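One letter stands for each residue in the lines below.
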Amino acid sequence: SSGMADDYAWGLTRFRDEARTLVALRHPNIVPVLRYFEANGTGYLVMEFERGRSLGQILGQARTLEESEIREIAFPLLEGIKAVHARGFLHRDIKPDNIFIREDGTPVLLDFGAARQALVERSKSLTTIVTPGYAPLEQYEREGKQGPWTDVYAMGAVLYRCVAGKRPPDAPARMSARFQGETDPMTP
């Protein structure tokens, strides 16, 4: 709507900034962004095509991974996330469906959500976008302080899913239980 024009322009600027960062970032475990362009009143990212399957597909119905498989995924991704954080940037949506395992077995992180989340934080009329079980508490709050720890929490939740065979409970449910003196609903 016309009332959202300022928010849209602001969000497009954030998306453009995110795109510049991603185009300049080269890491073997971060999806290569080849180009950014604007057309039809919006912005587009052109990413390299990767062959393989998402970790979400691999995990399927309650499947778990062996320690060796987890190590092959976790350590390279953590190095990629470290490179993203070194540029002052956050992913903000780490989950099994955004981790792609290439045909050669190497993991790659997809679908950065920083611009999307920044727009939600700015606009009072948009709903916060979170992935239950993988989003830390600060992502549920419109003005929650986010930083590298936000991605570390999400990566820890992914690792929990790989070991336990189920996604962790939502962060608000865990905090609510603690405040009410109840047991944390997350199974150790």
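Everything here concerns the structure above.
Residues numbered from 1 in each chain as written. Predicted model: local features only at pLDDT ≥ 70, side-chain atom pairs only at ≥ 80, totals over all residues. Heavy atoms only, no water.

Some remarks on the packing of aromatic side chains
Turning to step 1, where the next piece is worked out: If you walk through the whole model with that rule in mind, you get 2 aromatic pairs.
Turning to step 2, where the next piece is worked out: With a centroid separation of 5.1 Å and 20 degrees between ring planes, the pair formed by Phe37 and Tyr44 is classed as stacked.
Turning to step 3, where the next piece is worked out: Residue classification places Tyr44 among the partly exposed positions, given a relative accessible area of 32%.
Turning to step 4, where the next piece is worked out: The ring of Trp10 has Arg14 sitting right over it, with the charged end atom 4.6 Å from the ring centre. (Phe/Tyr/Trp six-rings, centres within 6.5 Å; stacked < 30°, edge-to-face > 60°. Buried < 20%, exposed > 50% of the residue type's maximum accessible area, 1.4 Å probe, protein only. Lys NZ or Arg CZ within 6 Å of the ring centre and 35° of its normal.)

Some points on the pairing of strand E2 (residues 42-47)
Turning to step 1, where the next piece is worked out: Relative to E2, strand E1 (residues 33-39) runs antiparallel, the two sharing 6 bridges. Bridge pairing in E2 places Ala39 opposite Thr42.
Turning to step 2, where the next piece is worked out: Between E1 and E2, which pair antiparallel one after the other, the connecting turn spans 2 residues, and Asn40 there sits at a positive phi close to 55 degrees. (Pairing = 2+ DSSP bridges. Helix = DSSP H or I, 4+ residues; strand = E, 2+ residues; numbered from the N terminus.)

With respect to unusual backbone geometry
Turning to step 1, where the next piece is worked out: The residue Asn40 is not glycine, and still its phi comes out positive at about 55 degrees.
Turning to step 2, where the next piece is worked out: By the secondary structure assignment, Asn40 is in the loop between E1 and E2.
Turning to step 3, where the next piece is worked out: For Asn40, a relative accessible area of 74% gives the class exposed.
Turning to step 4, where the next piece is worked out: With a phi angle near 75 degrees, Arg92 is a residue other than glycine that sits in the positive phi range.
Turning to step 5, where the next piece is worked out: Residue position: Arg92 is located in the loop between helix H3 (67-86) and strand E4 (99-102).
Turning to step 6, where the next piece is worked out: The exposure class assigned to Arg92 is buried, which follows from its relative accessible area of 18%.

A word on the pattern of salt bridges
Turning to step 1, where the next piece is worked out: Tallied over the entire structure, the rule returns 9 salt bridges.
Turning to step 2, where the next piece is worked out: Note that Asp170 is salt-bridged to Arg167, the shortest N-O span being 2.9 Å.
Turning to step 3, where the next piece is worked out: The exposure class assigned to Arg167 is partly exposed, which follows from its relative accessible area of 42%.
Turning to step 4, where the next piece is worked out: Connected via shared salt-bridge partners are Arg14, Asp17 and Arg20. (Salt bridge = Lys/Arg side-chain N within 4 Å of Asp/Glu carboxyl O.)

Considering the nonpolar core
Turning to step 1, where the next piece is worked out: Leu55, Leu65, Ile94 and Ile99 are the most contacted members of the largest nonpolar core, which has 26 residues in total.
Turning to step 2, where the next piece is worked out: If you list the elements that add at least two residues to this core, you get helix H2 (55-59), H3, E4 and helix H5 (148-164).
Turning to step 3, where the next piece is worked out: With 6 residues, H3 is the single largest residue contributor to this core.
Turning to step 4, where the next piece is worked out: Setting aside its immediate chain neighbours within four residues, Leu55 contacts Leu65, Ile73, Pro96, Ile99, Val158 and Cys162. (Core = buried A, V, L, I, M, F, W, Y, C linked by side-chain atoms within 4.5 Å. Contact = heavy atoms within 4.5 Å.)

So, helix H1 (residues 5-24)
Turning to step 1, where the next piece is worked out: Counted at 1.5 Å a residue, the expected span for H1 with its 20 residues is 28 Å, and the 29 Å between its end C-alpha atoms agrees.
Turning to step 2, where the next piece is worked out: Listed in full, the buried residues belonging to H1 are Asp7, Gly11, Leu12, Glu18, Ala19 and Leu22. With its buried residues spanning 130 degrees around the axis, H1 presents them on a single face. Away from its buried face by more than 90 degrees, H1 exposes Asp6 and Arg20. (Expected span 1.5 Å × (residues − 1). Arc of directions from axis to C-beta.)

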